[in-house]
Amino acid sequence: MRTNTSYPTTSTPVHSLSNYQRHMKIGRYMACKGHSPDSSQFLCSCKGWRPNSVVNGSGRIDLCICGHKLGIHGNVNDIYGEDFFKLLNIAIQIDEYLDKKGKLLDFEYVDKFVQKMRDQMTSTMNHTRHYHGIICNKEPVEKDLNLNERNNKFDHRLIFTEEQEGDIRWRIINNDGSRENLFLLTSVKELISTALPKMPAEYIARVVYNHNHYNLVIVKEPNKVIGGICYRPFTERNFIEIVFFAVNGDYQDKGYGRRLMNRLKYFMRDVVKIKYILVYADESAIGFFRKIGFTTNITLDKDIWRGYIKDYSKAKLMQSTFVPKINYDETREILLKQKQAVKEKIAQTVITPIIYPGLQCFKNGSKSIDPMSVPGIKESGWTPELERRAKETAKYKACYLTMLKVMEDLENHKNAWPFKLPVDRITVPDYYDIIKEPMDFSTVRKRMENNQYLNLKEFAIDVQKIWDNCKFYNSNDTYYYKFAEALEKFFSDIMLENGIKLP
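For clarity, every value in this text was computed on a predicted model and none was experimentally measured.

Participant: I'm lost on the overall build of the protein in this one. Help?
Facilitator: Each helix and strand in the protein was counted, giving 17 helices and eight strands. Counting every position in the protein, which comprises 503 residues, the buried fraction comes to 41%. Pairs at least 24 apart in sequence give 63% of the contacts found in the protein among residues at least 6 apart. If you sum the accessible surface of the protein, you get close to 29000 Å²; carbon and sulfur atoms cover 52% of it.

Have a look at this one:
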C-alpha cells in the first residue's frame, strides 16, 4: 500500500480545493485510459489513480504507479462544468465513507460500496461523453466564477464525434500547437481564401492561426474541412464576433451553413452562456445572415463592442440574439417533425376527388356552354370574378410581388408612420415650395397598382425620394430626419437581398 499525505482530507471544504486536488479525488476512483505496456491488451489495466513517489516540478505527485498521469484516469481533463461537479460529488461521498472506515489513504482498498460508486462515476462519464455527441476539454468551470474569471479559465474547444447520418465530425479548434489542429487550421485557411478571393491571404492566415480565435468546423473523413466559422469570444462582454464563415462550394445549398450556425448558437448559449453574436456581413452575405436569424438592428450597447471588433467600411454590422426557448442543437429534427405533422394534417383534411363524366353537349353541335353549368365547377369555388382577377394579376410585371413584399416590410417598420401619406399642405405650408418631387408610401402603392414600374430599379428610385426629401427638408437633429436615416438603411439592406445596390 502506498500513501500520499498531500491527499486532501474530508474536512477540507470543496471550494478550498485546488483544481488539481479535485482531479486527484476523481481520478483516484476511475480507470486509466492510457495505453497498456502489455502488447496483449490495448488499455492500461489500472482501475484508479494511486500516487507514485515521483514528484514533478510543481511539487505534485502527478504519476500513478501504473506510470500514467493523473488526468488520464477517466480522462477527467475532458469534462467540465456541472458534469465535473457530479463526478466530484460522488468521489467526495466515497472519501467520506473511506474516512469513517479509516481507509482514506489506502488507495488499493475496494469493497462493494466503493465499487458501486465507481460504477456510477463511469456511467456518468460515459453519459457526458455521448451527450449530444460532445466531448469537452480542459479545466472545470466553477459555478461561482465571475464573467472575467470564467473568460480567462474557459477553453472553447470541443470535439464533436462522428454524426450518425454520415462520415462527418464537428469540432471546435484553435492554434494550440498540436499537429492535428495545425493541419485542420491550414485547411480552414484554404477554404476561406477560396471563398473570399479578394481578402488578403496574409490577413486570413493571421486571424485563423491567432490563439485568441476559434474555429467551429465540419470535418469530412478522413480530414477534409468542408465548412467552418472562425470567431473570437469576448466572454466577459457577453458576445462573440464571427470573423469568417465559409462552406466548400461542393457542399453549399445542402444546409451545412445553417447547421454550422445552429451548432455555434447551441454551444454559445447553453455551454458558454453568451447571448449575442456580431458579424460584419458584406453585400452578398446580408441575405444569408438574415435567413439564419441575424438583423441589422443592433440592440447590444455600442460601448460593449466598440473598439473590440474590427470595423469593415464596406460591410454591414449584424447581430443575432439567442432565443431562450429554441433548442438550436435540434432545430433540423424539430423542423422535420413539424413538416411531417403538417403533411399528416393535410392528409386528414383532403377530400377524395370526384371524377365527373365528360361533356356530351359538343357532340350534338353546341359551340359554347355556360361554365357554371359544367359539373364540378360550382363545387370547386370558381367564379367568373376569380378569372377576371387572375387575368389582371397576370398583367403585373414579374417584380410586382417583390415590390409588394418590400412595401409591407417598410410599412410595418416602427419608424414608418411619417411616410405613409403625403405631407399635409395645411400643417406644413412651405413643404411643396421646397420639395419639388414629393413622394410617400401611398403614392408608391398607387404607381405599383397602375403598373408604372418597369423594374425594381425604378421602384427603388421613387422610394429613395422619400428619404431624400425628408432629410433635405428637416434638420439632422429632428426625429423625422433620424427616422428617414433608419428606414433608408433598412430599405438598402432589403434591396441588396434582391440584387439592387442603391447609389
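Participant: Just checking my understanding: could you explain the pattern of salt bridges for this structure?
Facilitator: Side-chain pairs of opposite charge can arise whenever the charged atoms involved come near each other. Enumeration according to the criterion identifies 12 salt bridges in this entry. One salt bridge connects E437 with K465, and the closest N-O pair in it is separated by 2.7 Å. Residue E437 is located in the loop between helix 14 (431–434) and helix 15 (441–449), and its partner K465 is located in helix 16 (residues 456–473); the two are separated by 28 residues in the primary sequence. Taken together, the shared-partner salt bridges connect E437, R447, D462 and K465 into one network.

Participant: Would you mind showing me how to read the packing of helix 13 (residues 400–411) against helix 15 here?
Facilitator: Helix-helix packing: each pair is described by the crossing angle between the helix axes and the interaxial distance. Remark: helix 13 packs on helix 15, axes separated minimally by 11 Å, with the N-to-C direction vectors making an angle of 165°. The angle between the axes of helix 13 and helix 15 places the two elements in the roughly antiparallel class. In this structure, helix 13 meets helix 15 at a crossing whose hand is left-handed. Listed contacts from helix 15 to Y400, M403, L404, M407, E408, L410 and E411 of helix 13 are F441, V444, R445, M448 and E449. For the contact of helix 13 with helix 15, a count of residues per class yields eight nonpolar, no polar and four charged.

Participant: Looking at this structure, how should I read the side chain of D95?
Facilitator: Note on placement: D95 falls in helix 2 (residues 81–100). Engagement of the side chain of D95 in a polar contact is seen with the side chain of K25, the distance being 2.4 Å. The contacts of D95, once residues within four sequence positions are left out, are Y7, T10, K25, R28, Y29 and L104.

Participant: Quick question: what am I supposed to make of the side chain of E241 here?
Facilitator: Residue position: E241 is located in strand 6 (residues 239–247). We note that E241 is buried and unpaired, the nearest opposite charge coming from R232 at a distance of 6.5 Å. Apart from the residues within four sequence positions on either side, E241 is in contact with C230, Y231, R232, F234, L278, I309 and K310.

Participant: For this particular structure, what's the right way to read the confidence of the model for the protein?
Facilitator: Low pLDDT marks regions whose predicted coordinates should not be analysed in detail. With 84% of its residues at a pLDDT of at least 70, the protein reaches an overall mean of 81. Contacts from residues 1–5, a stretch scored under 50 in pLDDT, to residues over four places away or in other chains number 15 contacts. Predicted confidence for residues 128–165 stays below pLDDT 50, and this span has 112 contacts to residues more than four positions away or in other chains.

Participant: Honestly, the pairing of strand 3 (residues 168–173) in this entry has me stumped. Any pointers?
Facilitator: On a regular strand, one side chain projects to one face of the sheet and the next to the other, so that they alternate. With respect to burial, strand 3 is a largely interior element, six of its six residues being buried. By the alternation rule, side chains of strand 3 split into I168, W170 and I172 and R169, R171 and I173, which are all buried. Sheet topology note: the strand 3/strand 4 (residues 214–220) ladder contains six bridges and is antiparallel. Residue pairing across strands places R169 opposite V219, the latter belonging to strand 4.

Participant: What am I meant to see in helix 5 (residues 179–195) here?
Facilitator: Each α-helix winds once per 3.6 residues, and so residues spaced three or four apart point in a common direction. Look at helix 5: 25 Å from first C-alpha to last across 17 residues, which is about the 24 Å you get at 1.5 Å a residue. Each element contacted by the buried residues of helix 5 is listed here: strand 3, helix 6 (201–208), strand 4, strand 5 (224–234) and strand 6.

Participant: Before we go on, may I ask you to explain the nonpolar core in this structure?
Facilitator: Most often, soluble globular proteins have nonpolar side chains that are buried together. Counting 34 residues, the largest nonpolar core has Y231, I242, M261, L264, M268, F289 and F294 as the members making the most contacts within it. Those elements that place two or more of their residues in this core are strand 3, strand 4, strand 5, strand 6, helix 7 (256–272), strand 7 (276–281) and helix 8 (286–291). Here the element with the most residues in this core is helix 7; it accounts for eight residues. Residue contacts for M261: discarding those within four places in its chain leaves I229, I242, F245, I277, F289, I292 and F294. Judged by nonpolar contacts, the second largest core, of 28 residues, contains V463, W467, A484 and F490.

Participant: Any chance you could explain a nonpolar patch on the surface here in plain terms?
Facilitator: A contiguous nonpolar surface patch, about 270 Å² in accessible area, is contributed by V342, I346 and V350. You can see V350 is positioned in the loop between helix 10 (331–349) and helix 11 (377–380).

Participant: Looking at this structure, how should I read unusual backbone geometry?
Facilitator: Excluding glycine, residues mostly have negative phi values, and the peptide bonds linking residues are mostly trans. Unlike most non-glycine residues, D253 shows phi in positive territory, near 60°. Here D253 is to be found in the loop between strand 6 and helix 7. Positioned with a positive phi, K273 is a non-glycine residue whose angle comes to about 70°. The topology assignment puts K273 in the loop between helix 7 and strand 7. Look at K273 and you get partly exposed, because its relative accessible area is 49%.

Rules behind the numbers
Residues numbered from 1 in each chain as written. Predicted model: local features only at pLDDT ≥ 70, side-chain atom pairs only at ≥ 80, totals over all residues. Heavy atoms only, no water. Helix = DSSP H or I, 4+ residues; strand = E, 2+ residues; numbered from the N terminus. Buried < 20%, exposed > 50% of the residue type's maximum accessible area, 1.4 Å probe, protein only. Contact = heavy atoms within 4.5 Å. Areas by Shrake-Rupley, 256 points an atom, 1.4 Å probe, with all protein chains shown as cover. Salt bridge = Lys/Arg side-chain N within 4 Å of Asp/Glu carboxyl O. Axes fitted to C-alpha atoms, helices over the stretch in contact; angles between N-to-C directions. Parallel < 35°, antiparallel > 145°, perpendicular 65-115°, else oblique. Left-handed = near helix turned anticlockwise from the far one by under 90°. Nonpolar A, V, L, I, M, F, W, Y, C, P; charged D, E, K, R; others polar. Polar contact = N/O pair within 3.5 Å; in protein donor to acceptor, adjacent residues only side chain to side chain. Lys, Arg positive; Asp, Glu negative; His and termini not counted. pLDDT = per-residue confidence, 0-100. Pairing = 2+ DSSP bridges. Expected span 1.5 Å × (residues − 1). Core = buried A, V, L, I, M, F, W, Y, C linked by side-chain atoms within 4.5 Å. Patch = residues over 30% accessible without salt bridge, like charges linked within 9 Å, V, L, I, M, F, W, Y side chains within 5 Å.

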